[in-house]
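# A look at the structure
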Amino acid sequence: MTTLWIVLLLWAGVSLALDPDKSFHHYVRNTWSIEQGLPQISGLAIAQDRTGYLWVGTQAGLARFDGIRFTAFDPESAPGLRGMYIHDLLVDPRNRVWVATYRGVSVYEDGHFRALPVVGGEGDRGLDTTDLVAMPSGEIMVAAPDGVYRATETRLERLHGLPRPATSLHVRGDTLWVGSHGRVYRIGTDGIQVLPLPEGDDDTVVTQLLDAHGRLWAGTTAGLFFREHDRWQRYEGDEKLASSPVEAMYEDRDGNLWVGLVDDLARLRAGRVVEVVRSDATGTAVRAIFEDREGNLWLGTQWEGVTRLWNGWTRRYSQFEGLVDPVLWSVARGPEGRLWVGTNNGLSVMRDGRFEQVVAGADLPHPNAYTLLPERDAVWIGTRRGVAVLRDGQLEIPAQLAPMRSAQINGIVRDSRGALWFATTQGLYRLTRDGLQGFGTAHGLRDARVRLVHETRDGRLLVASHAGLFEFEADRLRPVGAEAGLRPDLDITAIHELPDGRLLVGALSEEIFLFDGQAWHGFDKSSGLPVNSPFFMTHDEAGYLWVAGIRGVHRLVLQDMADYAAGRISHVRGEMLLNERGDRRGGQKGFCCNGAGNAKGFVHQGELWLPTRDGVVAMRTDGIVKNATAPRTLIERVRVGELWRPADPSADWRLPPDQRDLGFEFTVLSLQDPKSVELRYRLVGYDADWRRLEDPTRRSVNYTNLPPGAYVFEAQGSNNADTWSQAPAQIGFRIQPHFHETPLFYWLLAGLLGSLAWAGYRRQMRLHLRQRQALELLVSQRTEALEVANHRLEEASQTDPLTGLRNRRYLATQIPADIAYYDRETVRRGAPDEVMVFALIDIDHFKAINDNHGHQAGDRVLQQMAQVLTQMVRTGDYIARWGGEEFLVVFRPMPNRHLPMLGDRICQAVAGHRFDVGTGEPLQVTCSVGFIECPLFRDARGGLGWEQMIELADRALYVVKAHGRNGWAAYRARADTDLGQLQQALRGDPGQLHGAGRLDLLASPHLLAARDAGKP
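Let me sum up the structure you'll find in this document. Small disclaimer: the values here were computed from a predicted structure and weren't measured. Within any chain, residue numbers begin from 1 and follow the written order of that chain's sequence. For this predicted model, a pLDDT threshold of at least 70 governs which residues receive local features, and a threshold of 80 or more governs which side-chain atom pairs are given and counted, while totals over whole chains, interfaces and linings are taken from all residues. Computation of side-chain values: all heavy atoms of the structure, hydrogens and water removed.

### Brief notes about the sheet that holds strand β45 (residues 476-479)
- Taken in spatial order, the four strands make up an open sheet running β42-β43-β44-β45, and their pairing is antiparallel. Edge positions in the sheet fall to β42 (450-455) and β45, since each has one partner strand and no second. Each adjacent strand pair in this sheet contributes to an overall mean axis angle of 30°, direction not counted.
- As judged from the five bridges shared by strand β43 (residues 461-465) and strand β44 (residues 468-473), these two strands associate in the antiparallel manner. Counterpart to L462 in the pairing with β44 is E471. At least two DSSP bridges between two strands are required for those strands to pair. Helical segments are the DSSP runs of H or I of at least four residues, strand segments are the runs of E of at least two, and each set is numbered from the N terminus. Helix axes use the C-alpha atoms of the stretch in contact, all axes being lines fitted to C-alpha atoms, and the angles between their N-to-C directions lie in the range 0 to 180 degrees.

Below, the structure is given as structure tokens:
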């Protein structure tokens, strides 16, 4: 058997090994065989080299495994491999892999196998080598039929000739122990000593030698022996171990001594048998045992390939523990501490680690024990067709519960007052001394189907239904949470109360909601929650929320939920720990939970217990131990053109100019959960940043048509716990340029171009006159086009992009010119009663439109408002969007007596328009209008600037807004209006304009009435 003391010494303490307190079937197991690329179904020898590759010897060759793919070697594909039947493997400190085969020894070094010839051998005579060990000096010892050989760099030479075959080797200090037929040889500096097996075992073959538990053990073809009091003694701790052939032995880092028998696998601790694995394909016919640096235990078997075992973080109690039906619907812990489970076919209880069926499914109203409530004197059993009670070993179906006989019972709870509550598909029921009473849609439920009942610490009774959350009060069911953000259409599947009183509810829609005392906050996939419908929720002292559902078990940080609700973070940290489908980054694969309701899980002494489709799964909330071993990333091969080359950094990687297409094969050596590793890569000199490999099982990338230059390809990987390799793997190369890509070519090209340029210049001079004329014509055409473009740009800068109306910039240049023009026309035509009119129009309650219907609806209202106003103006009038929801209309001169009609007309046109905002129902919108006439004065008292005129219109608009909206108002100068006082009033309170009698106010009748009603 291979001695791996050097490798173990290097890796000791790097990672946790298998939990010694777990039974074998609780470990997470994965198996690889021919279908996955193993050369043959047998695994006869296992070792791991210093880079992290796992090597497996079979009956049909050798395989190297990186967790995803096997690379197979046999004498045909690797001529240096001596034989295809592999007996043993050994990795030395120089990372050489020594291979003992049935035809001799080979060594794998620097990517190649080298066969070692036998000194004094006859040609190519095969030497059946069975075991390899390394001495403290570094010498490699080999077991062979005629004695012990020493393997050097180039050959095998016999060191100790023995009268009987050497079948196994072991090193103790400087002493070599050699197993043989009926005896063990001890070879030291004082010579060879014969240590015979007990009388009667002269033909027994010693196949294994190992130090463990303070003893030297010998595995033989006639059972297990140990050395004590200077003699061999048969191990009598187990009948099988005492007599069955031993095929493999190994001591792991936790002190478990694993012994592979012909059919079974035994585990010993402190010299005592703690477990014998029988009738398990994984533990049957084990021929090789090995523990890798991540703490995984590997078993090579005769018939089932190789299996990897690792701790995981669950224990599963199912048919192995005597469960009749592995499909469970409910679990509950009774007052006496016993575990009760409701199965697909009855009720069972666990006693002394074994399940015992206490009620058969045929005896229940329905075989499915869907929910449970164990009490001191009874166990209440809710089925899919009513309720049964187990009292003193007798099953009863109470007549008083007959109204529930056709209902599925989802939950049974006894409240603090002693009443018994039943959550059913036909409503909520309460059982008291006064009898059974039902509550359904007539009592406030929107849907009679009730999932579960929960009594809070302060005595409130919460009821989860298919249509929301309710609270039971005074024989009524009151909806909970709608006013605080909890959707009423939720199918509530779980309720949990935190110690500080905060509530959590889970929904079938794969959401969780947190009530922080003020509002409900929702969490789903978009906020970082793993996809899962919660059937059970709880918390632990470490600050995690644990959620179990049909997709598995996940946890998230409770503080993250509070921070997310407060807006401090955008995602919560959720991680899947048990996953039904074995998704990548989904944690341990395994069946999980069934059905929503009460008795769908519980926590006891920090351990989570849940019903699944394969028995009860138990998970310690403080037992999630991540893989802390940093993996190593390797570049294995490089494809140049169509030829693959080993990724040897010392090779010449100057590539010819026509080799522009390259491929790279690389890997990350983490064996615990290789499908969940991360791989990233980059080509330094080409890629700006790291690229992520989307499929970690592909592990190859291609680059095509690379330009000449120097590059370095880098790859880096992490294990399943995001522990990254300490440094990226690298390989550098240079692509040589073609002649036309060299500096010399560019100098020659520059000279040629210079000559051509001189010849062109001479020719150009001859054609200069004609080209100048053509150029002048072209410049003229381009100048004209530029002027047109500038005009269009000016038009765009003076146009509102949303409504298509003019904007303020346009008004700043247009209004002064219009005022001057119309002043001249008024004098010329002698029409003193004609005035220009500025109308400032504001949409009423526009903010409410945005708040209730969204900003897109608000934009549509603004666009349609522009259309309404456009239909009202004459030629020569113009409309501008003044800002936000305000519009300014400039009317060309009109008789000032038409002002009231104009105001009424604008208000009626807007109020009568049906504004379509895309919601199905048109909106009715009103507006407020502020007018001002220009000129304001009819004599020579001076005037106001146009900006001040619009400010007066805005003041008039303020009056409309302040007295009811949906109307118009205008200020008109009086004979005694003083310009200076008016300008001062514009800088003060809006009420001063008419409060002191400086201006007259014209307005809609209802606005004047509202204003007058408000006067003292």
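Okay, back to it.
### Quick notes on the state of the cysteines
- Our working definition of a disulfide is a cysteine sulfur pair at a distance within 2.5 Å. Going through the model one piece at a time under the given rule, you end up with one disulfide.
- We note that C927 lacks a disulfide partner, and the nearest cysteine sulfur, in C907, lies 4.5 Å from it.
- The buried category is assigned to C927, whose relative accessible area is 0%. For each residue, the accessible area found with a 1.4 Å probe, counting protein chains only, is set against the maximum for its type, and the residue is called buried under 20%, exposed over 50%, and partly exposed in between.

### Some remarks on the nonpolar core
- Core analysis: the largest hydrophobic core is formed by 37 residues, its most contacted members being L811, I815, F838, L888, I932, L936 and L952.
- Among the elements that make up this core, the one with the highest residue count is helix α10 (residues 946-962) (nine residues).
- A contact between two residues is defined here by any heavy atoms of the two lying within 4.5 Å. Those residues in contact with I815 that lie beyond four places of it in its chain are F838, Y878, L888, V890, W946 and I950.
- Of all hydrophobic cores here, the second largest spans 36 residues; its members include I843, A857, C907 and A970. We define the nonpolar core as a collection of buried residues of types Ala, Val, Leu, Ile, Met, Phe, Trp, Tyr and Cys that are connected through side-chain atoms lying within 4.5 Å of one another.

### What to know about helix α8 (residues 855-870)
- By definition here, a helix of n residues has an expected span of 1.5 Å times n minus one. Compared with the 22 Å implied by 1.5 Å per residue over 16 residues, the 23 Å span of α8 between its first and last C-alpha is a close match.
- Taken together, the buried positions of α8 are A857, G858, V861, L862, Q864, M865, A866, V868 and L869.

### Thoughts on the pairing of strand β69 (residues 886-895)
- Burial runs high along β69: nine of the 10 residues are buried.
- With eight bridges connecting them, strand β67 (residues 834-843) and β69 associate as antiparallel partners. Counted as the bridge partner of F838 is V890 from β69.
- Pairing geometry for strand β68 (residues 878-883) and β69, over five bridges, is antiparallel. Residue pairing across strands places I879 opposite V889, the latter belonging to β69.
- The turn linking β68 back onto β69 is made up of two residues, and G884 within it adopts a positive phi angle of 60°.

### Some remarks on unusual backbone geometry
- Following C934, the chain continues to P935 via a peptide bond in cis, the omega torsion being 5°.
- Within the secondary structure layout, P935 lies in the loop between β72 (927-934) and α10.
- Unusually for a residue other than glycine, D392 sits at a positive phi of about 50°.
- For D392, the position within the fold is in the loop between β36 (386-391) and β37 (394-396).

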